[in-house]
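Chain and residue survey
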Number of protein chains: 2
Amino acid sequence: MTKPILTLAALLALTAPAAAQEEPQGAPSPNEIVAQAEPDEWVAIAAEDLVVMTLAPDAEGKERKVVIQLMPAPFSQGWVENIRTLARAKWYDGISVNRVQDNYVVQWGDLNYDNPEAEGEPKLLPEGLRVMDESEYVQAIRSDDLLARTRYPDPYSGWSALIGGWPMGALQETVHSNQYRAWPTHCYGMVGVGRNYSPDTGSGAELYTVIGHAPRHLDRNIALVGRIVEGMEHLSSLPRGTGDLGFYSAQEADKRTPILTVRVASDLAEAERPAFEYLSTDGETFARYADARANRRDPFFIVPAGGADICNIPVPVRRTGQ
Amino acid sequence: MTKPILTLAALLALTAPAAAQEEPQGAPSPNEIVAQAEPDEWVAIAAEDLVVMTLAPDAEGKERKVVIQLMPAPFSQGWVENIRTLARAKWYDGISVNRVQDNYVVQWGDLNYDNPEAEGEPKLLPEGLRVMDESEYVQAIRSDDLLARTRYPDPYSGWSALIGGWPMGALQETVHSNQYRAWPTHCYGMVGVGRNYSPDTGSGAELYTVIGHAPRHLDRNIALVGRIVEGMEHLSSLPRGTGDLGFYSAQEADKRTPILTVRVASDLAEAERPAFEYLSTDGETFARYADARANRRDPFFIVPAGGADICNIPVPVRRTGQ
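Residues numbered from 1 in each chain as written. Chains lettered and ligands numbered in written order. Predicted model: local features only at pLDDT ≥ 70, side-chain atom pairs only at ≥ 80, totals over all residues.

1. Looking at the sheet that holds strand E9 (residues 180–184) of chain B
All names here are of chain B. Selection rule: Here the rule is simple: two strands pair whenever DSSP picks up at least two bridges between them. A run of H or I in DSSP becomes a helix once it reaches four residues, and a run of E becomes a strand once it reaches two; helices and strands are each numbered from the N terminus. Throughout, an axis means a line fitted to C-alpha atoms (over the contacting stretch in the case of helices), and angles, computed between N-to-C directions, take values from 0 to 180 degrees.
Pairing in this open sheet of four strands is antiparallel, and the strands run E6-E9-E8-E7 from one edge to the other. Of all strands in the sheet, those with a lone pairing partner are strand E6 (139–141) and strand E7 (159–163), marking the two edges. Averaged over all neighbouring strand pairs, the angle between strand axes comes to 45°, with direction disregarded. As defined by bridge partners, E7 adjoins strand E8 (residues 166–172) across five bridges and the pair is classed as antiparallel. What sits directly across from Leu-162, in E8, is Pro-167.

2. Points about the interface of chain B and chain A
To keep it simple, the criterion reads: Once C-beta atoms have been placed from the backbone, residue pairs whose C-beta atoms lie within 7 Å are recorded as contacts. The nonpolar class holds Ala, Val, Leu, Ile, Met, Phe, Trp, Tyr, Cys and Pro. Asp, Glu, Lys and Arg form the charged class, and all remaining residues, Gly among them, are polar.
Across the contact, 75 residues belong to chain B and 76 residues belong to chain A. For the side of chain B that touches chain A, the element with the highest residue contribution is helix H4 (residues 232–236) of chain B, accounting for three residues. Of the residues belonging to the side of chain B that touches chain A, the class tally is 41 nonpolar, 17 polar and 17 charged.

3. Focus on the sheet that holds strand E7 (residues 159–163) of chain A
All names here are of chain A. The strand order E6-E9-E8-E7 describes an open sheet built from four strands, whose pairing is antiparallel. Two strands bound the open sheet, and with one partner strand each, they are strand E6 (139–141) and E7. When the angles between neighbouring strand axes are averaged without regard to direction, this sheet yields 45°. Here strand E8 (residues 166–172) runs beside strand E9 (residues 180–184); their pairing, made up of five bridges, is antiparallel. By the bridge assignment, Leu-171 is partnered in E9 with Arg-181.

4. Description of the relation of the copies chain B and chain A
This is how the line gets drawn: C-alpha atoms of residues with pLDDT of at least 70 in both copies form the basis for the least-squares superposition of the copies.
With an axial shift of 0.0 Å and an RMSD of 0.0 Å, the rotation relating chain B to chain A amounts to 180°. The superposition of one copy onto the other is thereby described by a two-fold rotation axis. The fraction of interface residues of chain B whose copies in chain A are also interface residues reaches 100%, indicating that both copies meet through the same surface.

5. Quick notes on the environment of Gly-158 of chain A
Residue and element names in this part refer to chain A. Operational definition: Three exposure classes are used. Buried residues have 20 or more other C-beta atoms within 10 Å of their own C-beta, exposed residues have 12 or fewer, and partly exposed residues fall in between, all C-beta atoms being placed from the backbone.
Tracing the chain through its elements places Gly-158 in the loop between helix H3 (143–147) and E7. Given 22 C-beta atoms within 10 Å, Gly-158 falls into the buried group. Gly-158 sits 13 residues away from Leu-171 along the chain, and the two C-alpha atoms are 4.8 Å apart.

This is the structure:
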């Protein structure tokens, strides 16, 4: 067997391989389409909507930072405000990652609360947290926000759409209504609020992110408050817990990753403040990108799928500045 | 804040929490339904269809074994036979995991072939490997195999169904036909065959598994040959590569996990031979399980989803014997 010049770098290619001279001609890939977007198609994310979570350094002593984008109005704003309150009270400092369940979630919180084997007293929560109810899992939206982006059938109830930069499910308010109720969907990397049995909806003190196939049965059952826009790999590659539900058992207490600090980006010194922007989901480029995700015509592909689910059209987010 | 007796073990519960006295009453969970299946609803997997891949021990010296179930006829049989040939020639022994791309794939193969920075000569492949073409990505099936299990719309082209224990997509052969063509789908943990640009379809010497949201745009574009039925966490929790496409760069060569041996289970001594069975997807219990996955009515849930995508109804597989 002769060694190909290209090797298998092209395999499952998401970006153009380096050895482009061997690449057959074809349509641009989704990433190539995004790279061609005009600067004004990118939307800056407010520093108030970014949260920086610093984990303890890894085994090699390397820094691990995770950046979360909080969800904009009208979705989940009570929990989002609680997260800012908790961060500003430094309540999250010193908590840990207590649960890593394969193909499901990574969850962090107070070890004496968010842990089936807890023996100590939980941390006191700061004053001023809002108590939300289940009605706030869904929000009224204008029908034209929904109809703009719905293209493929959704196996879950209702419609799916990208609204204001976020993946959403939606249902008509009534059969004869042109009003819709929408809710964020549990895609990979989305961040949600741990809760106990209903009517508890959680405060925002216990959070989790999705590290597997979208568990969309959780939509409308738990509040989603944001998504991880950088550093996801620091959570998704953690060792899986062997206790019930993927919690780390007492015998593997050393596997719990300490969380050193959680800060709202707008509270950081300018030099440490990260800046991100997302590709507008209302623009021409996003429409081309979504179409290319559903119908790959770049050289690696033989048969376009003819569709895509809402979690397989991730909204492009990138770091800016500095 | 008082400490709840139940704590958040119930959060995102997939199984009944230990402190059941606090749990509200409700319908059984999907896992509880599966636990009630009659013994004759479980189908034994032939030892010839199981492959045991032994990775080098982890940093703590712990054994890491991954068990792959190969796909049954009529799907992907040329590649499946190649995998047995490669395993029996001990060709896989000494290869490594060379690529870990977050929310996408873990890929293993010959470092001198399956690596954009390769400098050495690739390993010679054994004699007798079959060369497959793209037509074998899909197979004709009887229409009653398909129609039995299709319930929810699929955002990708055509239908989705669980056929013979496997997640499948399918399309009508022609508009007026009652024949269908079906193909396996790229769900979490499915195993596929690395390839270069078409018309290459890969030999089976380079393999990957899905570690994120189902990349179903790859369906009908790459051969799927099986799924991981045990030890998935040994692959999904590996550190992500920082090179192009998640390959480990030369600077992080120490992150490549050596693969010590790959053996067909039927070739192992009886004491080392694992045995597994899956829940028949044609039975009454599976139908109840699939319905419960799509409409969670167990106590944690408030609103049933009203549907589920094919990759969110994973086929239950369990170890037996010993």
